[in-house]
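# Geometric and topological summary
Letter by letter, the chains look like this.
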Amino acid sequence: MSEPISMAEMITLTIDGAQVSVPKGTLAIRAAEAAGVAIPRFCDHPLLDPAGACRQCLVEIPDAGNGRGFPKPQPSCTTEAANGMVIKTQATSQMAKDAQEQILELLLLNHPLDCPICDKGGECPLQNQALADGRANTRFDGVKRTYPKPIPLSDLILLDRERCVLCARCTRFSDQISGDPMINLVERGAKSQIGIYPDEPYDSYFSGNVTQICPVGALTSADYRFSARPFDLTSTVTTCENCASGCQIRVDARRGVVRRRLAGENAEVNEEWSCDRGRFGFVSGHQKDRLTRPMVRKSGELVPVSWPEAIEAAVTGLKRARLDVGVLTGGRLTVETNYAYSRFARAVLHTNSIDFRSRSQSAEEAQFLAQHVAGRAGQDCVTYADLEKASKVVLVSFEPEDESPMVFLRLRKANRKKGLKIVTIAAYASRGAAKMGAELIPARPSDVPQAIRDLDIDKDAIILAGVPLTQIPGSFTALADKVAESGARLAWVPRRAGEIGALEAGCLPTLLPSGHLVSDDASRDEMSEVWGSRLPSTPGLSALELLQAASEGNIKALVTAGIEARDFLDPDAALAGFEKAFVVSLENRMSDVAALANVVLPVDLLETTEGTFLNWEHRVCPVDEAVPNPRAAMTDIRVLAALAEGLGKDLGFRTAAAARIELASLPTWTGPREPMTPVAALEPGRSIQLVTWRELLDDSRCLDGADALLATAREVVARISPQTLRDEGLATSTYVRLTGTKGSVVYPIRVEPTMVDGAIWVPFNPHSWRLNQTGLGVGANVILAAAPAPTKEGE
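Summarised in this report is the structure supplied together with it. None of the values given here were measured: they were computed from a predicted structure. (Residues numbered from 1 in each chain as written. Predicted model: local features only at pLDDT ≥ 70, side-chain atom pairs only at ≥ 80, totals over all residues. Heavy atoms only, no water.)

In this section: the overall build of the chain. When you go through the chain residue by residue, the secondary structure sums to 23 helices and 33 strands. For the chain, the spread of C-alpha atoms along the three principal axes comes to 85 × 65 × 60 Å. When each of the 795 residues of the chain is scored for burial, the buried share is 58%. Considering only residue pairs separated by 6 or more positions, the chain has 72% of its internal contacts joining residues 24 or more positions apart. (Helix = DSSP H or I, 4+ residues; strand = E, 2+ residues; numbered from the N terminus. Buried < 20%, exposed > 50% of the residue type's maximum accessible area, 1.4 Å probe, protein only. Contact = heavy atoms within 4.5 Å.)

For the rest of this paragraph, the subject is the packing of aromatic side chains. In the structure shown here, the tally under the stated rule is nine aromatic pairs. Arranged with centres 5.7 Å apart and planes meeting at 20 degrees, the rings of tyrosine 339 and phenylalanine 653 form a pair that is stacked. Of this pair, tyrosine 339 sits in helix H8 (residues 335-348) while phenylalanine 653 sits in the loop between helix H20 (636-646) and helix H21 (656-665), and the two are 314 residues apart along the sequence. By relative accessible area, which is 5% here, phenylalanine 653 ends up buried. (Phe/Tyr/Trp six-rings, centres within 6.5 Å; stacked < 30°, edge-to-face > 60°.)

Okay, helix H18 (residues 543-551) next. Looking at H18, one finds that the buried residues are Ala543, Leu546, Leu547, Ala549 and Ala550. Across the axial projection of H18, the buried residues extend over an arc of 165 degrees, all falling on one side. Elements that come into contact with the buried residues of H18 comprise strand E16 (325-329), strand E17 (354-355), strand E23 (557-561) and helix H19 (571-580). (Arc of directions from axis to C-beta.)

Another aspect to go through is the packing of helix H7 (residues 307-321) against H20. Two elements in contact, H7 and H20, have axes separated by 9 Å at closest approach and are oriented at 60 degrees. What the angle tells us is that H7 and H20 run oblique. Judged by the sense of rotation from one axis to the other, the crossing of H7 with H20 is right-handed. On the side of H7, the interface is formed by Trp307, Ile311, Ala314, Val315 and Lys319, while H20 contributes Val639, Ala642, Leu643 and Gly646. Among the residues forming the contact of H7 with H20, the class breakdown is seven nonpolar, one polar and one charged. (Axes fitted to C-alpha atoms, helices over the stretch in contact; angles between N-to-C directions. Parallel < 35°, antiparallel > 145°, perpendicular 65-115°, else oblique. Left-handed = near helix turned anticlockwise from the far one by under 90°. Nonpolar A, V, L, I, M, F, W, Y, C, P; charged D, E, K, R; others polar.)

The end-to-end C-alpha distance of helix H12 (residues 405-418) is 19 Å, a good match for the 20 Å that 14 residues give at a rise of 1.5 Å each. Within H12, the full set of buried residues consists of Pro405, Met406, Val407, Phe408, Leu409, Arg410, Leu411, Arg412 and Ala414. Positive phi shows up at glycine 419, right after H12, with a value of about 75 degrees. (Expected span 1.5 Å × (residues − 1).)

What follows is about the pairing of strand E28 (residues 688-691). Alternating residues of E28 divide into Ile688 and Leu690 and Gln689 and Val691, and every residue in both groups is buried. The sheet contact formed by E28 and strand E32 (residues 759-761) spans three bridges and is parallel. Bridging across to E32, glutamine 689 finds its partner in alanine 759. (Pairing = 2+ DSSP bridges.)

What follows is about the sheet that holds strand E19 (residues 421-426). With respect to topology, five strands assemble into an open sheet ordered E20-E19-E18-E21-E22, the strand pairing being parallel. Because the sheet does not close on itself, it has two edges, and the strands there are strand E20 (439-442) and strand E22 (489-493). Put simply, the sheet's adjacent strands are angled 20 degrees from each other on average, direction ignored. As paired strands, strand E21 (residues 461-466) and E22 are joined by five bridges and run parallel to one another. The residue of E22 that forms the bridge with alanine 465 is tryptophan 492.

Between two packed helices, what matters for the description is the angle formed by their axes and the separation of those axes. Between helix H2 (residues 94-108) and helix H3 (residues 125-133), the least distance of the axes is 10 Å, while the angle of their chain directions is 135 degrees. The angle between the axes of H2 and H3 places the two elements in the oblique class. Here H2 runs over H3; the crossing is left-handed. Contacts between H2 and H3 pair Glu101, Leu104 and Leu108 from the former with Leu126, Gln129, Ala130 and Asp133 from the latter. Its residues assigned to classes, the contact of H2 with H3 comprises four nonpolar, one polar and two charged.

Following lysine 149, the chain continues to proline 150 via a peptide bond in cis, the omega torsion being -5 degrees. Among the structural elements, proline 150 can be located in the loop between H3 and strand E6 (151-152). Phi is positive for serine 397, which is not a glycine, with a value near 50 degrees. Within the secondary structure, serine 397 is located in the loop between strand E18 (392-396) and helix H11 (400-403).

This part takes up the state of the cysteines. All chains considered together, the criterion is met by zero disulfides. Cysteine 124 takes part in no disulfide bond, and the closest cysteine sulfur to it belongs to cysteine 118, at a distance of 6.2 Å. For cysteine 124, a relative accessible area of 7% gives the class buried. (Disulfide = S-S within 2.5 Å.)

Within the closed barrel, the six strands sit side by side as E28-E32-E29-E31-E30-E33. Their pairing is mixed. In this sheet, adjacent strand axes meet at a mean angle of 45 degrees when their direction is disregarded. Bridge count between strand E30 (residues 735-739) and strand E33 (residues 781-787): five bridges; the pairing is antiparallel. Bridge pairing links threonine 739 to isoleucine 783 in E33.

Further remarks concern the environment of proline 748. Along the chain, proline 748 turns up in strand E31 (residues 744-751). Separated by 567 residues in sequence, proline 748 and proline 181 have C-alpha atoms that sit 26 Å apart.

Once that is clear, we can look at the nonpolar core. A general tendency of soluble globular proteins is for nonpolar side chains to be buried together. Core analysis: the biggest nonpolar cluster contains 94 residues, and Leu13, Phe173, Leu387, Val393, Leu411, Leu464 and Trp616 have the highest contact counts within it. With six residues, H12 is the largest single contributor of residues to this core. Setting aside residues no more than four positions away along its own chain, valine 393 makes contact with Leu387, Leu411, Leu420, Lys421, Ile422, Val423, Ile462 and Leu464. By size, the runner-up hydrophobic cluster in this structure holds 93 residues, among which are Ile425, Ala461, Leu512 and Val778. (Core = buried A, V, L, I, M, F, W, Y, C linked by side-chain atoms within 4.5 Å.)

This part is about empty space enclosed by the protein. All chains considered together, the criterion is met by three cavities of 30 Å³ or more. Roughly 150 Å³ of internal volume is contained in the largest cavity. In this structure, the largest cavity is lined by 18 residues; those nearest its centre are Ser397, Ala426, Ala427, Val691 and Trp693. Per element, the largest residue contribution to the lining of the largest cavity is three residues, and it comes from E19. Taken as a whole, the second largest cavity spans an internal volume of roughly 80 Å³. Residue lining of the second largest cavity: Cys240, Asn242, Cys243, Ser245, Gly246, Cys247, Ile249, Ser274, Cys275, Gly278, Pro405 and Met406, and that is the complete set. Of the residues in the lining of the second largest cavity, the class split is seven nonpolar, five polar and no charged. (1 Å grid on protein atoms, 1.4 Å probe; cavity = no way out; pocket = protein on both sides within 12 Å on 5 of 7 lines; lining within 4 Å. Points joined across faces, edges and corners; volume = space filled by probe spheres on them.)

This brings us to the environment of aspartate 44. Locating aspartate 44 in the fold gives a position in the loop between helix H1 (28-34) and strand E3 (58-63). Sequence spacing of aspartate 44 and arginine 55 is eleven residues, and the spatial spacing of their C-alpha atoms is 9.6 Å. The contacts of aspartate 44, once residues within four sequence positions are left out, are Ile29, Arg30, Cys77, Arg169 and Arg172. Side-chain polar atoms of aspartate 44 contact the side chain of arginine 41, separated by 3.1 Å. (Polar contact = N/O pair within 3.5 Å; in protein donor to acceptor, adjacent residues only side chain to side chain.)

Counting across every chain of the model gives 67 salt bridges. Across the pair glutamate 439 and lysine 421 runs a salt bridge, and its minimum N-O distance is 3.6 Å. Residue glutamate 439 is located in strand E20, and its partner lysine 421 is located in strand E19; the two are separated by 18 residues in the primary sequence. Given the relative accessible area of 40%, lysine 421 is considered partly exposed. (Salt bridge = Lys/Arg side-chain N within 4 Å of Asp/Glu carboxyl O.)

Written out as structure tokens, the structure reads:
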């Protein structure tokens, strides 16, 4: 690892007559920035390796620090500053000024004059620099070169070749940052242009970044093209809700409608990047099933009613249920909203049966979260910066490119620039693992606990654990033991943006806010004093236990928020519970759960509310209102306050700001934590075990309407090792049928050389394919058989 630069390694040079000191190794263009001097550039980007492609940043260097100068202008983006160097920019050198004007003139020779219709118009560096640093008149009077346009590099990204100035920002980003070198400069000389492989589109989870860093509008997105202009837009800085990375984004809206999202600049989190899911997956809230009015079930049908009638109906049903009630929250909620649900469950409904895990779950996971994750905010949590400094990073059932893309980019950067050693315990070396240079420890799900125990790590290592571990008994026990033995640091990286906040807010049947324990009298008394209500002392039911109890008639009412039955491993079992209970659903779109509810209460979209998320680092990530809410929906907090009032209780607040103040005032629990009960690992056995995780682009309803984005989803295949293929008699088969306890599903076969024997991998819930139709999850024993090609996807 590189050491921090000390003051002894500083050098001093002169730029436009002013002395400036910078660290040794600094590029001349960065030294100029430090001196407050702006040098025009197109190819230069602070997060990309220097290329010197556009030559727009030419400067005069009369003294290179050795008493001798350069006879011709030099590109400041590739020239390293030296002690005693003298640099003259276009502000003080006629040579530099003439050189820059000539370069601009050359770049504009064939550049089309389509600024009024170009998506980059109004925020275009070429436009700005031509005005500030270019010549007023052109000497070129010929016919400009044209190309057919646009050229689709993928379903998302379109190329206008005549606008391109060959700065190579896009190709360098794809090669250096995302590791997807599928676009490159092709041809030579005057025919040079951006191109792709003939039979391969630009396949990358990060392709939208090239449209943002393109300085001239040559690369545009299919979604935003010709839809707005920068001067029409109102911009808001907020946090992406699509995973737990905590990326800062900029939301641009026109006339109350979000038109695009761009990566924000947050050096500590996402630097200047975003994934395509976060950039393009924002239109789902504007589908035809958007809820705009409260509804109550009458004569078996949901009918629109007034807010007072809907609140009264919900209150009546909750009163009838008495204490046989539970609360289920999803992953879309902010910290403040999760806190409101936590307080509503305990202080209003008087139950600890609240759970944010509308997904796979286990008691071992709940104990692990209480012991190692909850109540840790500000207490030496692992950060993005720590990942780059670690001696080793171990990924345990965690695929960062799919589950937390910014973690992937940061690990790839650390591996590429610093040689960070990355180890992944997984069934095969995924595409993301290969791009990070990760060493594979091949393991079937039943082998994961032992693989964790066999890790060779020290106190400077970091372990990143993923949600799929929930389905592998003994894995969290092994993690806890390994951390205690080695002193290594540990971080849990959930997939959904709201999960860390839900945990800290106490949306777990054994936990109260800020790590307080339901089972500890002193801990419970602290929260009772804040809330002014005696809290129940019996741990509640988990989400699966609630739904099971509801299907048996033991839970009479459920309050739900952002729940999808298909997120559970057994959607039919989940729906059976919702069908039997009195359900109050707080939703922004009609869903399979809301369709079964007795009362449906419309709530705000994230873009029309404010609050905070806690990302996987436990970092506070602000959410700001991007557009006003023109509909009749209210925030979840206002609805819960109204329900509490109807039940004769006081929620304590009605806004996110008030909830945030109360939550911030809570003391973090510093008392004893409930010890984990060791869980034994499963016997490996000889059956074929299933491995699965959600890919970044899947069938999540938050991607509904993002058709161009979904068209770039990766091919749905089943990955299997050559040996297992032969052992299962599939050597001549093109398709395989996976059969579980609930049914079967057919996938195309892809032989994966790195796949561990005795396992098969398929994506969980990819678009139009339903693995959970089979009732199978991670580690399940599956029956494989050859199958004919399905007549339609997933059949």
